[in-house]
Amino acid sequence: MTQWRVVQRTTLFFSNLIPAAVPDIAGHAIAGWTRAVSVCLAARGNKQRMRCDDMMSFISYFINGLSLGSVYAIIALGYTMVYGIAKMLNFAHGDVIMIGGYVVFTVVSTMGLPPLAGILLAVIICTVLGVTIEKVAYRPLRMASPLAVLITAIGVSYLLQNIALLVFGSNPKSFTSVVTIPALKLAGGRLTISGETLVTIVSCIVIMVVLTTFIKKTKAGQAMLAVSEDKGAAQLMGINVDGTIALTFAIGSALAAIAGTLLCSAYPTLTPYTGSMPGIKAFVAAVFGGIGSIPGAFIGGLLLGVIENLSKAYISSQLSDAIVFAVLIIVLLVKPTGILGKKINEKV
């Protein structure tokens, strides 16, 4: 009964964080936080304090889930952009995350340079890597069958993993967090939000807004939309299809570098296989939200992170991955196109 009341209170609290009127979101969020904190500060007696502690624990798990989901969302944006424009699945995307993490590790921990320099260098290297992969591995297969492209993507993934094994070895590296913001303590110290969590969530929102604005307001973004609709017609209209697809890979790979840095800052262990499972889960998030839809990738990533974190906390840490994939299966059975995906009727 106590857990049910905790869920009721927390659901009411978070409903205030996402009001219908977007301009008032800051005011509603502050009001929601204030009410939740005031409830805990006013708690008297052992039962009320226990309920308050349960609620603070739930909120903490929820926020950490949003942080993890934000990483998934950033990675999923790369998946969904490449699929939406090039109509292919880049399963090597997860390993670009790992490359970005190793670049930051080398620059910061080995060379002793500032974290910002490591992040910028990781973005540059991953961008060049993404464009190179597209040009060497995927462009020659533009007219090939989807199965050939899929096998090539898996081969590129294993190639990057084995290069990392040769260069850095199989031993895990201790990643130094690039976030220097102190933790935020609320409700008299009962709720602590780490600096990595704050930076990850804010970064995800900023990236989402900037990317959406870029696609809607710039010529390059409009070219991406045109290529995603019809490559042949776009080429007839004078759009450089190859250049547009290469730009898409560049943006997705740059986002992968940022996601790798945030992921390793929150979970400070780096191996050649670091990007494998987050990459798969990010793909699940993209499908969950509707592959090809940028808002869908954002929503899918956040929901996936919350579901995974709450599953670890309240059900089983060993079954959390199974629960995530089970939820995906259920969603696809109910709505095969995903949450925001659109059904496309192909003319025969």
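Structure shown above.
What counts, and at which threshold
- Residues numbered from 1 in each chain as written.
- Predicted model: local features only at pLDDT ≥ 70, side-chain atom pairs only at ≥ 80, totals over all residues.
- Heavy atoms only, no water.
- Helix = DSSP H or I, 4+ residues; strand = E, 2+ residues; numbered from the N terminus.
- Expected span 1.5 Å × (residues − 1).
- Buried < 20%, exposed > 50% of the residue type's maximum accessible area, 1.4 Å probe, protein only.
- Salt bridge = Lys/Arg side-chain N within 4 Å of Asp/Glu carboxyl O.
- Core = buried A, V, L, I, M, F, W, Y, C linked by side-chain atoms within 4.5 Å.
- Contact = heavy atoms within 4.5 Å.
- Patch = residues over 30% accessible without salt bridge, like charges linked within 9 Å, V, L, I, M, F, W, Y side chains within 5 Å.
- Areas by Shrake-Rupley, 256 points an atom, 1.4 Å probe, with all protein chains shown as cover.
- Phe/Tyr/Trp six-rings, centres within 6.5 Å; stacked < 30°, edge-to-face > 60°.

Between its first and last C-alpha atoms helix α4 (residues 93-110) spans 25 Å; for 18 residues at 1.5 Å apiece the expected length is 26 Å, and the two agree. In terms of residue burial, α4 counts as a mostly covered element, since 15 of its 18 residues are buried.

With that out of the way, let us pick up the pattern of salt bridges. Summed over the entire model, instances satisfying the criterion amount to six salt bridges. Between K281 and E308 there is a salt bridge, with its nearest N and O atoms 2.9 Å apart. Taken together, the positions of K281 in helix α11 (residues 276-289) and E308 in helix α12 (residues 294-314) put the pair 27 residues apart, joining distant regions of the chain. For E308, a relative accessible area of 2% puts it in the buried group. Between K312 and E308 there is a salt bridge whose closest N-O contact spans 3.3 Å. Of this pair, K312 and E308 both sit in helix α12, four residues apart, which is roughly one turn of the helix. What makes K312 partly exposed here is its relative accessible area of 39%.

Grouped together as the largest cluster of nonpolar side chains are 74 residues, with contacts concentrated most on L77, Y138 and L211. The dominant element in this core, judged by the number of residues it contributes, is helix α3 (residues 46-86), at 13 residues. In this structure Y138 touches M88, N90, A92, I133, V149, T152, A153, V156 and F249, once residues within four positions along its chain are discounted. C52, M56, I59 and I63 belong to the second largest nonpolar core, which has seven residues in total.

What follows is about the environment of F58. Note on placement: F58 falls in helix α3. Judged by its relative accessible area of 11%, F58 is buried.

It is worth spelling out the environment of I245 at this point. Among the structural elements, I245 can be located in helix α10 (residues 241-266). Judged by its relative accessible area of 1%, I245 is buried. It is 9.5 Å that separates the C-alpha atoms of I245 and M81, two residues lying 164 residues apart in sequence. Residues in contact with I245, not counting those within four places in the same chain, are I85, A86, E134, R142, V227 and K231.

Attention now moves to a nonpolar patch on the surface. Side chains of L147, L150, I151, I154 and Y158 sit close together on the surface and give an oily, nonpolar patch of about 480 Å² of accessible area. Along the polypeptide, L150 turns up in helix α6 (residues 146-168). For L150, a relative accessible area of 30% gives the class partly exposed.

All right, on to helix α5 (residues 115-138) then. Here α5 contains 24 residues, and its C-alpha end-to-end distance of 33 Å stays within 8% of the 34 Å for a straight helix at 1.5 Å per residue. All of the buried residues in α5 are G118, A122, C126, L129, G130, I133, E134, A137 and Y138.

Before going further, it helps to examine unusual backbone geometry. We note that K87 has phi near 55°; this positive angle belongs to a residue other than glycine. Examined against the element boundaries, K87 turns out to sit in the loop between α3 and α4. K87 sits in the partly exposed class, given a relative accessible area of 43%.

Glancing now at the packing of aromatic side chains. Scanning the model with the defined rule gives seven aromatic pairs in all. Three or more aromatic residues joined by ring pairs form one cluster here, namely F58, Y61 and Y314.

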